[in-house]
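# Coordinate analysis (summary)
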Amino acid sequence: MRIDIISSIPEIFDSFLLKGIVGRAVSNGIVEVVIHNLRDYTDDPHLSIDDYPFGGGPGMVLKPEPIFKAVESIKNDIGSPDVKVIFLTPQGEVFNQQKANELSKMENIILLCGRYKGVDERVREALVDEEISIGDYVLSGGEIPALVLIDSIIRLIPGVMGNYDSAKSDSFQNDYLDYPHYTRPENFRGMTVPDILLSGNHAKIDEWRKKKSLERTLRRRKDLISE
Ligand SMILES: C[S@@+](CC[C@H](N)C(=O)[O-])C[C@H]1O[C@@H](n2cnc3c(N)ncnc32)[C@H](O)[C@@H]1O
């Protein structure tokens, strides 16, 4: 999979792409993440990418020209005009695990990070295929939402996690929250591990985990369980 990200602060992605599960997926070549500095696509002599809003009012708006140029250049490089362009915006559809699964199966995606008041509306009308929000709050830029998307997408690509079953048993992969986990020591400050997990009886352990998962979901997120 190849993910292209258009940003006005590309440095934000540097350390993230070097470490952890995402860093390993990148260095193993399972996924390619290409970061584009929006300023590299402006013809403005001062490398300006934003301007005042028509009609007045507070805040600046990202200009259409550099964004169009960036998207056209990326599509040209990939060799396909059909690559999905996703704009990160608080006005988009709220991101969830189902969307992460769907996007993890794509060959290419382009993520566009907004800043200031957002992007010129013509970008949304003519370039953007989908708008995604990471929740009902407003951040100062689309970079953190883009990081949220790529982290959740990349860990779902087969071969990225050492144990793929681990990702499949996480919260939201089905209608339930994950079950409780314990590791060594068996007794930590008087708090002990449930006996069943030490029993070696895998059928019983599975049963216990399903029960805990259901109990936890009913207590915390009853809305997840389909009728
Ligand atoms: C200050 S926000 C602009 C908010 C915009 N004026 C509005 O009210 O819809 C700047 C940029 O941050 C990003 N952003 C902020 N909050 C976000 C969220 N919850 N989900 C996704 N992107 C977000 C978007 O790319 C947005 O263009």
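Calculation criteria
- Residues numbered from 1 in each chain as written.
- Predicted model: local features only at pLDDT ≥ 70, side-chain atom pairs only at ≥ 80, totals over all residues.
- Heavy atoms only, no water.
- Near = heavy atom within 4 Å.
- Polar contact = N/O pair within 3.5 Å; in protein donor to acceptor, adjacent residues only side chain to side chain.
- Areas by Shrake-Rupley, 256 points an atom, 1.4 Å probe, with all protein chains shown as cover.
- 1 Å grid on protein atoms, 1.4 Å probe; cavity = no way out; pocket = protein on both sides within 12 Å on 5 of 7 lines; lining within 4 Å.
- Sits in = over half its atoms within 2 Å of the grid points.
- Helix = DSSP H or I, 4+ residues; strand = E, 2+ residues; numbered from the N terminus.
- Nonpolar A, V, L, I, M, F, W, Y, C, P; charged D, E, K, R; others polar.
- Domains from an automatic or database assignment.
- Points joined across faces, edges and corners; volume = space filled by probe spheres on them.
- Pairing = 2+ DSSP bridges.
- Axes fitted to C-alpha atoms, helices over the stretch in contact; angles between N-to-C directions.
- Salt bridge = Lys/Arg side-chain N within 4 Å of Asp/Glu carboxyl O.
- Buried < 20%, exposed > 50% of the residue type's maximum accessible area, 1.4 Å probe, protein only.

### Quick look at the site of the ligand
- What surrounds the ligand is a group of 21 residues, the closest being Leu-88, Gln-91, Gly-114, Lys-117 and Tyr-137.
- A distance of 3.3 Å separates a nitrogen atom of the ligand from a polar backbone atom of Thr-89.
- In this structure, Lys-117 approaches the ligand through a main-chain N or O atom, which is 3.0 Å from a nitrogen atom.
- In the complex, the protein chains occlude 86% of the 590 Å² of accessible area that the ligand would expose alone.
- Placement of the ligand is best described as lying within the largest pocket.
- Counting only elements with at least two residues in the shell around the ligand, the list comes to β5 (84-94) and β7 (130-133).
- Among the residues forming the shell around the ligand, the class breakdown is ten nonpolar, nine polar and two charged.

### Some remarks on the domain arrangement of the protein chain
- Per the domain assignment, the segments making up the protein chain are domain 1 (2-154) and domain 2 (169-224).
- Centre-to-centre separation of domain 1 and domain 2, based on C-alpha positions: 37 Å.

### Concerning the layout of surface pockets
- Estimated volume of the largest pocket: approximately 410 Å³.
- Together, 23 residues line the largest pocket, and Leu-88, Thr-89, Pro-90, Val-138 and Leu-139 are the ones closest to its centre.
- Elements supplying a minimum of two residues to the lining of the largest pocket: β5 and β7.
- For the lining of the largest pocket, the element with the most residues is β5, which contributes five residues.
- Residue classes in the lining of the largest pocket are distributed as eleven nonpolar, nine polar and three charged.

### Structural notes on the sheet that holds strand β1 (residues 2-7)
- Spatially, β2-β1-β6-β5-β7 is the arrangement adopted by the five strands of the open sheet, whose pairing is parallel. Edge positions in the open sheet fall to β2 (32-37) and β7, since each of these has one partner strand only. Ignoring which end each strand starts from, the neighbouring axes of this sheet average 30° apart.

### As for the pattern of salt bridges
- Tallying each qualifying case throughout the model produces 15 salt bridges.
- The shortest N-O distance in the salt bridge between Lys-211 and Glu-215 comes to 3.5 Å. With Lys-211 and Glu-215 both in helix α7 (residues 202-220) and four residues apart, this pair spans about one turn of that helix.
- Under the relative-accessibility criterion, Lys-211 is labelled partly exposed at 49%.

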